[in-house]
Amino acid sequence: MADSRLKNRTAKGLLWGGIGNGALQLLNLVFGIFLARLLSPSDYGTVGALAIFSAIAGLLCESGFTLAIVNKREISDRDYNAVFWFNVVVAFVSYAILFFSAPLIASFFHTPAMVPLSRFLFLSFLLGGLATAPASYLFRNLMVKERSQIQILAIVISGTVGVVCAFQGMGYWGLAVQTVLYSGLNSLMMWFICPWRPTLSFDPGSLRSMLPFSTRQLITSLFTVVNNNVFSVLLGRFYGMSQTGFYTQGNKWTTMGYSTLTGMINSVGQPVFRETADDTERLRRVFRKLLRFTAFISFPAMFGLGIVSNELISIAVTDKWLASVPVMQILCVWGAFMPFGVLYGNLFNSLGRPHIYMWNTISLGVLQLVCVVVSCRFGLNVMLEVYTAVNILWLLVWQYFAHKHIGLRLIDVIKDVAPYCLLAGSVMILTQIATASIASEALLSLVVKIAVAASAYCLLLWRFNSAVFKESVNYLLHRKG
């Protein structure tokens, strides 16, 4: 009975996580197309180069307390209250520091216009940081549907305003307005829907009880953010804003693909693993099932995105962005494997072993940083290829610790994942070969590639009697009924 309830809650969370993140990425795609047509690569590069500062400040505001609240067995209003007031103080202090550092940032990138732009753009993390407590409440209670609805509404409003600003000739300010407005609306609506409300009391003890977990999460996330944004910093500093813009555009399309997948995983992974953490056999069974589901979705989605990248870029944002196609194709390979690292991270956090997640991420981050800096002189594509290879190989390190703590064997992981990887890869290669003769007709090529690849993949899964495929279809049909 417990397994049945957990299965239903997990399926519902995955469904709404998929719907919410899918809709969010689709809307981002639509608005991104309009913005990319209206703006130049240097506009995107100027905003993209500042992303690392907002991301680091946002992490300092959140400080790992979202997962600390989710991971805590018993939670009270005192805990939410302590997190809220901590976030308020850190958010305003961080914004003040970056506000006065704006001239130094602009000087580093040799772009004086970044001074007013950065001061406005940094409001996004300030507004987002004020909603950490309600976001944690929604996350802990698996209110995935509500979170998805909030994000969709926020992106519709902010995206519309951003496009209008760009159409009025505001350049990169259109991107900045969209970012800040999205963050503000998202925070406001989470406060509206969350039943918890803060009081003026503050219990330092509640904060201290969560610090060991949250500190590890913060350090881990900081390394992740630095490594995810290192390309924008290096390109902005040494190659100029246009090259940064091409990377930002290619990375944006890839991110839209894997964010849908990681959003589904994150919406249920930590809470579900936490519920099964006391039963190793059950936890291993649940983890392997999510592993198979991830492989079933991730490989065809990201490999497929890679083979249609040229057509998508050409049709959606015009040929002026074609230089971003190689970036997108390389990152799609990394994006296909990236959700597995997220799944392993959720596993270790649920086991109360965030130090494993932290040190793995730090070690990976240091290795990535060294490899990227060393390969910097060989150009962007080589940097990305090295980055992708390091990330894929590091999954073996994650697996070592999974075997050590829950007895998950590498051979079982390979059995769960490899069939979907090989099947999806083969389908995409054959699709690319079969449609080579119509490559010059971008729209026709795009439609045919999607139709052929999707049909062939589903047909082969049905032919090979894939349990995950059949369960997913049955669940969707049941929901429809």
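Residues numbered from 1 in each chain as written. Predicted model: local features only at pLDDT ≥ 70, side-chain atom pairs only at ≥ 80, totals over all residues. Heavy atoms only, no water.

Chemist: With reference to specific residues and values, describe the packing of helix H6 (residues 114-121) against helix H10 (residues 172-193).
Modeler: Think of two packed helices as two axes; the pair is described by the angle between the axes and how far apart they sit. It is at 9 Å that the axes of H6 and H10 come closest, and there the two elements cross at 20°. In terms of orientation, H6 lies roughly parallel with respect to H10. Viewed along their axes, H6 and H10 form a crossing whose handedness is right-handed. Contact residues: H6 offers Pro 116, Leu 117, Phe 120 and Leu 121, while H10 offers Tyr 172, Trp 173, Ala 176, Val 177, Thr 179 and Val 180. For the contact of H6 with H10, a count of residues per class yields 9 nonpolar, 1 polar and no charged. (Axes fitted to C-alpha atoms, helices over the stretch in contact; angles between N-to-C directions. Helix = DSSP H or I, 4+ residues; strand = E, 2+ residues; numbered from the N terminus. Parallel < 35°, antiparallel > 145°, perpendicular 65-115°, else oblique. Left-handed = near helix turned anticlockwise from the far one by under 90°. Contact = heavy atoms within 4.5 Å. Nonpolar A, V, L, I, M, F, W, Y, C, P; charged D, E, K, R; others polar.)

Chemist: Help me get a handle on the packing of aromatic side chains, residues and values and all.
Modeler: The final tally for this structure, using the stated rule, is 24 aromatic pairs. Centre to centre, the rings of Tyr 172 and Trp 173 are 6.3 Å apart; their planes meet at 40°, and the pair counts as tilted. With a relative accessible area of 19%, Tyr 172 lands in the buried category. Through pairs of rings, three or more aromatic residues link up here, namely Phe 53, Tyr 95, Phe 99, Phe 100, Phe 122 and Phe 125. (Phe/Tyr/Trp six-rings, centres within 6.5 Å; stacked < 30°, edge-to-face > 60°. Buried < 20%, exposed > 50% of the residue type's maximum accessible area, 1.4 Å probe, protein only.)

Chemist: So, the pattern of salt bridges: which residues are in play, and what are the values?
Modeler: Inspection of every chain in the model, using the stated rule, returns 5 salt bridges. The shortest N-O distance in the salt bridge between Arg 284 and Glu 281 comes to 2.3 Å. In this pair, Arg 284 and Glu 281 are both assigned in helix H13 (residues 280-307), 3 residues apart and thus about one turn of the helix distant. The partly exposed category is assigned to Glu 281, whose relative accessible area is 42%. Residue Arg 288 is joined to Asp 416 by a salt bridge in which the shortest nitrogen-to-oxygen separation is 2.7 Å. A residue pair is termed long-range when its members are at least 10 positions apart, and Arg 288 in helix H13 and Asp 416 in helix H19 (residues 410-434) qualify at 128 residues. Several salt bridges converge on common partners, so that one network encompasses Arg 288, Arg 292 and Asp 416. (Salt bridge = Lys/Arg side-chain N within 4 Å of Asp/Glu carboxyl O.)

Chemist: I'd like a description of helix H5 (residues 77-108), backed by residues and values.
Modeler: An ideal rise of 1.5 Å per residue puts 46 Å on 32 residues; H5 measures up with 44 Å between its terminal C-alpha atoms. A maximum bend of about 50° is found in H5 at Ser 101, where proline Pro 103 lies one to four positions downstream. (Expected span 1.5 Å × (residues − 1). Bend = angle between axes of the 7 residues up to and from the residue.)

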